[in-house]
Amino acid sequence: MEIRTYIRFVVAWRMIIILGIISLVYACSCPDEKISHLSVIAPSRHTLLAVTPSLSLQLTGDTLNKSYPQLRTGEAFPITGILRVDGILYRFMGGDSLRISPLAPLSEDTVGWTGKYSFLFPGKGWEQRRYDDSWWSEGKGAFGPVKGYYYPAHTLWGAENIYVRRHVKVDNKDALRNHKIYVRYVCDDWLKLFCNGKYLLESRYTYKTKCQRLTDEAISQIIDGDNNILAAYCRNTGGPALLDFGLYIENKTYAEAKPATLKKMDVQATQTQFIFQCGEVELQVDFVSPSLSEKWDLTGWPVGFLTYQVRTESGKEHAVEVLFDVDMEWMFGKRKIDSWVDKDWRFVKSDSLYLAMEADETTFSCMDGHAILSQKLYVGNEEDKDSGVLLVGYEEGRVLQYDGEALSPLWNSDGTREVKELMKSVGNRYKELKAECDILDNRWNTKALQAGDKTLAEQMLPAYRNFVSSHRFMSSSDNKLFCFGDTLGNVREAYKSFPALLFFHRTDWMRGLLDPIFEYCEDIHWSKKYPPYDIGLYPVASKQVRLENCAVEAAANMLMMTTAIVEAEQDFDYAGMHWEQLEVWADYLQQKMKKETYPIIGLLDENDERVKCVLGLAAYYKLIQLKGNL
């Protein structure tokens, strides 16, 4: 590279860094001035509630009362929120109900069902409605191991392939109008499913029941009578084989509920607030992520909560009931729901999900795999209860394997704590936690607006919760804090997170992102002159997804991130602990610059390899300066 080009890069980089540092330092060091009102932040998509990476609720726009929140996988979290005001229902959360009733139930929903099956290929057209299956064998679904298996199978399936035709009776097709129709299934290993000859889906092994909505075109193929055919081909590639499938119709339990009128939505760093009008009653709902608390260190706690409060301007008294309906079967493919009262808290648990409400005036019911918690509230009488809280907890069952040992989550480093105990701890002080989060949101909103305009605030404030929602906080054997995303030690993702973490003074989390990478590279088994792109996939470290690619980017990013930590802490110790490794990466970039001849063509992207070389080396030279001054 020409020296003049190199100098231009360095000057440009330094200008960018200087401007960025001026903004961030001003934002992070200015006094905590009070403002009368927060600037309302409404990003297009954000993390609604950060519990764990496996259960972090996300929301698109202002759709809380129009559709269900989503998990990070894109799956719906089937929670419905209803406010009953003087007998009239208002839906403030979720879409129309995910409750479903069977048209042709699964084996686990009945004592089995009758179908025709063949282990041999039956010929072309076997999936069509008009196909003659009179010569097929008849058996009772589901198909699979009939004894000692987790799922209720009734007909033994021991061959590699199976073809199944199930006749479904529909008494009145018109009754299906304006209703969603779903096919539910469980398979081991590989499934193709058809409805009246119309292809529906393909699926690989699933140990829990899956559900997929039928398209309007598929529904149009359904006819009156008992000659509707659900046809399935399933292949077993080894081990136990299993096949069950059925047809279900939407049961609009809350069809009469009116969508609540959204008056306000505001997204801040630790919480999201909604205000709805429900007739003459106003409802405020706040989703709070207490793991972002500073007063109480709740980092990594797998607990979140939402508070609700009702009020009215008229002063009239109203009988109000708030209700939360969670479809556990939709979530986990099972109907087992446990409920108990523990020290003034009503708990509900299914699989790994915990819910809790204050036991006073709270009722619990369970129907068709749904857990329903409700609480009576009152408006217009100051002595009565007009607010409450719903606690949400989740227990991730997998253990992270790192360097030959099992790492514990930070909240349970000694292995003795339970999610339900954390929930009680949060619940018993949720008002104090909420008040603290209000103060933090006020402070950070002010700083974001002082550092830039509303656009910066809309980028920075949601980023805090987004980071927590996508990272696991682990405790190493020597009591270091490690922050792991789904891809462990991902250098690029860490680099993207640093601006927000720097803004929120979380140098501890910044270290937690880099420490596993430094440890990995300083191990005797690592001989490369540059860092790996990552060090594994959760829950197992040491299996790189990408090794050779992005070497320059990884080395440069690590140098820049280390520099950011040193400058933020005004302490060279962190770089000093890893100085030998930093020198290796800087030398790698220097050699790369000398060996490569880059043509200068057009404007250069920040991720261009030559730009990364310059930025990484500039960061290293900055470290050399800091080494002598700090």
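Residues numbered from 1 in each chain as written. Predicted model: local features only at pLDDT ≥ 70, side-chain atom pairs only at ≥ 80, totals over all residues. Heavy atoms only, no water.

**Some details on helix α4 (residues 419-428)**
Phase 1: All of the buried residues along α4 are V419, L422, M423, K424, V426 and G427.
Phase 2: Of the surrounding secondary structure, the elements contacted by the buried residues of α4 are β19 (303-311), β21 (338-342), β22 (345-350), β23 (353-358), β26 (387-394) and α5 (430-451). (Buried < 20%, exposed > 50% of the residue type's maximum accessible area, 1.4 Å probe, protein only. Helix = DSSP H or I, 4+ residues; strand = E, 2+ residues; numbered from the N terminus. Contact = heavy atoms within 4.5 Å.)

**Topic: the pattern of salt bridges**
Phase 1: Under the counting rule described, the total for this entry stands at 30 salt bridges.
Phase 2: The salt bridge involving K480 is made with E519; its shortest N-O contact spans 3.5 Å. Of this pair, K480 sits in the loop between β29 (472-475) and β30 (481-484) while E519 sits in helix α8 (residues 507-521), and the two are 39 residues apart along the sequence.
Phase 3: Here K480 falls in the partly exposed class, since its relative accessible area comes to 30%.
Phase 4: The class for E519 is partly exposed, based on a relative accessible area of 26%. (Salt bridge = Lys/Arg side-chain N within 4 Å of Asp/Glu carboxyl O.)

**Structural notes on the pairing of strand β24 (residues 362-367)**
Phase 1: Of the pairings in the sheet, the one linking β24 to strand β25 (residues 370-379) comprises six bridges and is antiparallel in character. Bridge pairing in β25 places T362 opposite Q375.
Phase 2: Adjacent in sequence and paired antiparallel, β24 and β25 are bridged by two residues, among which D368 carries a positive phi angle near 55°. (Pairing = 2+ DSSP bridges.)

**Remarks on the side chain of Q581**
Phase 1: The topology assignment puts Q581 in helix α11 (residues 579-595).
Phase 2: Contacts of Q581, omitting those with residues within four sequence positions, involve F518, C521 and E522.

**Some details on the packing of aromatic side chains**
Phase 1: Inspection of the entire model under this criterion finds 39 aromatic pairs.
Phase 2: Taken together, a centroid distance of 5.4 Å and an interplanar angle of 5° make the contact between W340 and F347 stacked.
Phase 3: A relative accessible area of 1% means that F347 is categorised as buried.
Phase 4: By way of ring pairs, the aromatic residues F121, W126, Y163, W190, F194, Y199 and Y233 are connected into one cluster.
Phase 5: Sitting above the plane of the Y538 ring, R472 keeps its charged end 3.6 Å from the centroid.
Phase 6: One cation-aromatic arrangement involves R506 over W509; the distance from NZ or CZ to the ring centre is 3.9 Å. (Phe/Tyr/Trp six-rings, centres within 6.5 Å; stacked < 30°, edge-to-face > 60°. Lys NZ or Arg CZ within 6 Å of the ring centre and 35° of its normal.)

**Some remarks on the packing of helix α6 (residues 454-469) against helix α7 (residues 491-503)**
Angle between the axes and distance between the axes: these two values describe a pair of packed helices.
Phase 1: Interhelical geometry of α6 versus α7 gives an angle of 110° and a closest axis separation of 9 Å. Classified by the angle between their axes, α6 and α7 sit roughly perpendicular to one another. For α6 against α7, the interelement crossing comes out left-handed. Residue-level contacts link M460, A463 and F467 of α6 to S497, P499, A500, L501 and F503 of α7. (Axes fitted to C-alpha atoms, helices over the stretch in contact; angles between N-to-C directions. Parallel < 35°, antiparallel > 145°, perpendicular 65-115°, else oblique. Left-handed = near helix turned anticlockwise from the far one by under 90°.)

**Concerning the sheet that holds strand β15 (residues 258-259)**
Phase 1: What the six strands build is an open sheet, ordered β15-β4-β3-β20-β25-β24; its pairing is mixed. The sheet terminates laterally at β15 and β24, the two strands that pair on one side only.
Phase 2: Inspection of the sheet shows strand β4 (residues 88-93) paired to β15 by two bridges, in the parallel sense. Within β15, the residue paired with R91 across the bridge is P259.

**Remarks on the environment of E294**
Phase 1: As for its position among the elements, E294 is in the loop between β18 (281-288) and β19.
Phase 2: Remark: the alpha-carbon pair of E294 and L390, spanning 96 residues in sequence, is separated by 22 Å.

**Some points on the sheet that holds strand β7 (residues 137-141)**
Phase 1: Ordered by their spatial adjacency, six strands build an open sheet running β7-β6-β8-β13-β10-β11, and the pairing between neighbours is antiparallel. Each end of this open sheet is capped by a strand with a single partner; those strands are β7 and β11 (198-203). Between one strand axis and the next, the sheet turns by 30° as a mean value, whatever way the strands run.
Phase 2: Summarising the sheet, strand β10 (residues 190-195) and β11 pair through five bridges and their orientation is antiparallel. Note that in β11 the partner of L191 across the bridge is S203.

**Thoughts on the nonpolar core**
Phase 1: Membership of the largest hydrophobic core comes to 62 residues, with the highest contact counts inside it found for W509 and L589.
Phase 2: The element that contributes the greatest number of residues to this core is helix α9 (residues 551-569), accounting for eleven residues.
Phase 3: Residues contacting L589, with those up to four places away along its chain left out, are V552, A555, A556, L559, C613, G616 and L617.
Phase 4: In terms of nonpolar packing, the next biggest core, distinct from the first, is built from 47 residues, V51, L83, L355 and Y394 among them. (Core = buried A, V, L, I, M, F, W, Y, C linked by side-chain atoms within 4.5 Å.)

**Remarks on the confidence of the model for the protein**
As a general rule, the predicted coordinates of low-pLDDT regions are not to be interpreted in detail.
Phase 1: In this model, the protein carries an average pLDDT of 87, and 90% of its residues clear a pLDDT of 70 or more.
Phase 2: With pLDDT under 50 throughout, residues 1-37 is counted as low confidence; its partners more than four residues away or in other chains account for 44 contacts. (pLDDT = per-residue confidence, 0-100.)

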